[in-house]
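# Observations on the three-dimensional arrangement
For reference, the chains in residue letters:
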Amino acid sequence: MKTYLILFGFLYLGFCSELSASKGPGFWKPDEKNLSSKLTIITTTSPIPSNPSTEILEKTQQSLFKTPALKECKKIIVFDGVPLEQKYRTIAYELYIKNVEKLVNENPYFANTILVVNQEFKHLANSLREAFKFVTTPYVFVHQHDFLLVREFDVMNLIQSMDENPNLKLIRFNQFSNAANWWDGPVDSYIEGGAHVPLTRTFGWSDNDHIARTDYYLNFVFPKVTWNGAMEWFLHDSKKIQMDHLLYGTYLYGNLGEPPYIYHLDGKNSLR
Amino acid sequence: MIVSMNRALIFFENSFPWGAKSVTMFFFLVIPFLSAVQIDLKKYNEWNIVQLAANFLPPDPIVVLAGAHQGDVMVQMAHQWPQGHIYAFEPNPVFHSALKQHKQWFSYVDFFSSALDSTTKKAPFFTSSNPKNPRIGSLLVANSNWKWHYNDATTFTVQCKNLQEWASEKRVTRIDFLWLNIGGSELRVLQSIPELIHSVQVIFVETHFEEFRQGIGLYKDLLPFLATYGFEEIIHWHIPNYQGYALFAKQNRQVSR
């Protein structure tokens, strides 16, 4: 009996030490090759004045490689349709799609990419919904065609943090410094459940580049989108988010006061 | 608000004893007036062309809308100018039947199933089966190198009308706003109304930079043609070397770009 108790005691201690170690930062160093089973990168694109040139898209897709681990991930580029009011853009946009098809076959930054083309204008959210039909990973990196990733981030520990902490639902890369502002509200460094990477809690919901849980999109974001529009039109409500932050689970990547991670090339106004 | 205005006036009168009244008048009356008459083009985009055009038009304009499709622009116009009159042309029978359904709501809109062209005649009308732009339709045949986009999958015969002849028939003596989105025939329609064009105040056209279709009116020819009639380009949204939308007006308002 004594022997059993001692054996059980050792087993219990071993279990406890394993558990505490797994919660400590840096304990788990995931294999970059496994990232492709965790994360899909979705780039959303739409008609802009620089079409049919692919220059902006090439720059922004290339910028993803600042974080080398992202190279392994499956990529989806989803094309929205042309709005009724901008039908004059159709020819240039169709040529743009053809040019991107060429890039997928020729350009290494476009390797491992599939294209999803919406025939009709659906705006960002519903266009993205089409891309989600091809997502098989638990996380998505939603990237817009005119946002440049300017600094590397620790994607492996970010995904590990999201794996361990279900409160982390959407981690956004800020195009401004991580500081309180009219959109994000009184940001702070409180992270319910902790994380292995620096994060800042935000009370804003933005569709600027972010990593999110796939099921968060399917079960929480998309049901709120009731007509063609951008996600933030339906989800951004600073007061609501402050009242129930755990429901929205929005964070900015990086510490408080950290400079921007992305830069907006502003495709809409690039030639105006 | 009134109290603070008074305080500001007193402050200015004390600060500028050598002409306090003229200074205060300038700040509180002239500057707001100047900014009110100027049209800020940054406020406008492809979604509110009708509202932009309204700045250059009387409140009860006579409007000719060619290429009315299913009526999205027509509805905007009808709401913008309930005191005006709109003549909407759409030769594609599928779109025309959808367009006509608006008749019950807007008594001041008349619908026509003819196409506008330089002469009155019957002519083939080409439509494409392009899912990205199901509205493609034109009296002009697509050039072979653009067949991938303008595939001219369906052809049917339509009645074409010369706008000036049509206006005489209908006793329309003036057109204030002419909207032409007719697949490349815009310039030749404008060239075929040498008298009526003098009455036009504002013109909206689809612009073309390439010969997508045979006989298409190019932007480089359109610009000097309209300039001879005193039209100035107010705004031009376009994809360089491809297509665009442009609004021209006989300049009667200041614009800030």
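Data block above holds the structure.
Residues numbered from 1 in each chain as written. Chains lettered and ligands numbered in written order. Predicted model: local features only at pLDDT ≥ 70, side-chain atom pairs only at ≥ 80, totals over all residues.

As a further point, take the overall build of chain A. A tally of regular secondary structure across chain A gives 9 helices and 10 strands. Every one of the 272 residues in chain A was classed for burial, and the buried ones make up 42%. (Helix = DSSP H or I, 4+ residues; strand = E, 2+ residues; numbered from the N terminus. Buried ≥ 20, exposed ≤ 12 C-beta atoms within 10 Å, placed from the backbone.)

In terms of helices and strands, chain B carries 8 helices and 13 strands. For chain B, the residues scored as buried account for 41% of the 257 residues in total. Taking the contacts inside chain B whose residues are at least 6 apart along the sequence as the reference set, 65% of them involve residues at least 24 apart. (Contact = placed C-beta atoms within 7 Å.)

Okay, the pairing of strand E8 (residues 154-162) of chain B next. Residue and element names in this part refer to chain B. Strand direction decides the pairing type here: strand E5 (residues 115-117) and E8, joined by 3 bridges, are parallel. Bridging from a neighbouring strand, Leu 116 pairs with Lys 161 of E8. The pairing of strand E6 (residues 121-127) with E8 spans 7 bridges and is antiparallel. Bridging across to E8, Pro 124 finds its partner in Thr 157. (Pairing = 2+ DSSP bridges.)

Each strand in a sheet pairs with its neighbour through backbone hydrogen bonds, running either in the same direction (parallel) or in the opposite one (antiparallel). Residues and elements named next belong to chain A. Reading across the sheet, the 8 strands line up as E3-E2-E1-E4-E8-E6-E9-E7 and stay open at both edges, with mixed pairing between neighbours. Two strands bound the open sheet, and with one partner strand each, they are strand E3 (113-117) and strand E7 (199-201). Strand-to-strand twist in this sheet, taken as the mean axis angle between neighbours without regard to direction, amounts to 25 degrees. As paired strands, E7 and strand E9 (residues 250-253) are joined by 3 bridges and run antiparallel to one another. Across the sheet, Leu 199 pairs through a bridge with Tyr 253, a residue of E9. (Axes fitted to C-alpha atoms, helices over the stretch in contact; angles between N-to-C directions.)

With an omega dihedral of 10 degrees, the bond running from Asn 51 of chain A to Pro 52 of chain A counts as a cis peptide bond. Within the secondary structure layout, Pro 52 of chain A lies in the loop between strand E1 (39-45) and helix H2 (55-63). Unlike most non-glycine residues, His 123 of chain A shows phi in positive territory, near 70 degrees. Take His 123 of chain A: it is sitting in helix H4 (residues 123-132). Even without being glycine, Asn 241 of chain B reaches a positive phi, approximately 75 degrees. Structurally, Asn 241 of chain B can be placed in the loop between strand E11 (231-238) and strand E12 (243-250).

Let's shift gears to H2 of chain A. All names here are of chain A. Along H2, the residues classified as buried are Ile 56, Leu 57, Thr 60 and Gln 61. What you see down the axis of H2 is that its buried residues fit within an arc of 125 degrees, all on one side. For H2, the secondary structure elements touched by its buried residues are E1, helix H3 (90-106) and strand E5 (147-149). (Arc of directions from axis to C-beta.)

Moving on: the sheet that holds E6 of chain B. Residues and elements named next belong to chain B. Spatial ordering of the open sheet is given by E5-E8-E6-E7, a layout of 4 strands whose pairing is mixed. Of all the strands in the sheet, the pair left with one neighbour each is E5 and strand E7 (137-138). With 2 bridges joining them, E6 and E7 adopt antiparallel strand pairing. Looking at the pairing, Thr 127 lines up with Gly 137 of E7.

In this section: the environment of Ile 136 of chain B. Residue and element names in this part refer to chain B. Locating Ile 136 in the fold gives a position in the loop between E6 and E7. Judged by local crowding, Ile 136 falls into the buried class, with 22 C-beta atoms found within 10 Å. Sequence separation between Ile 136 and Phe 126 is 10 residues; the distance between their C-alpha atoms is 8.3 Å. Excluding anything up to four places from it in sequence, Ile 136 contacts Thr 127, Ser 128, Asn 130, Tyr 150 and Gly 183.

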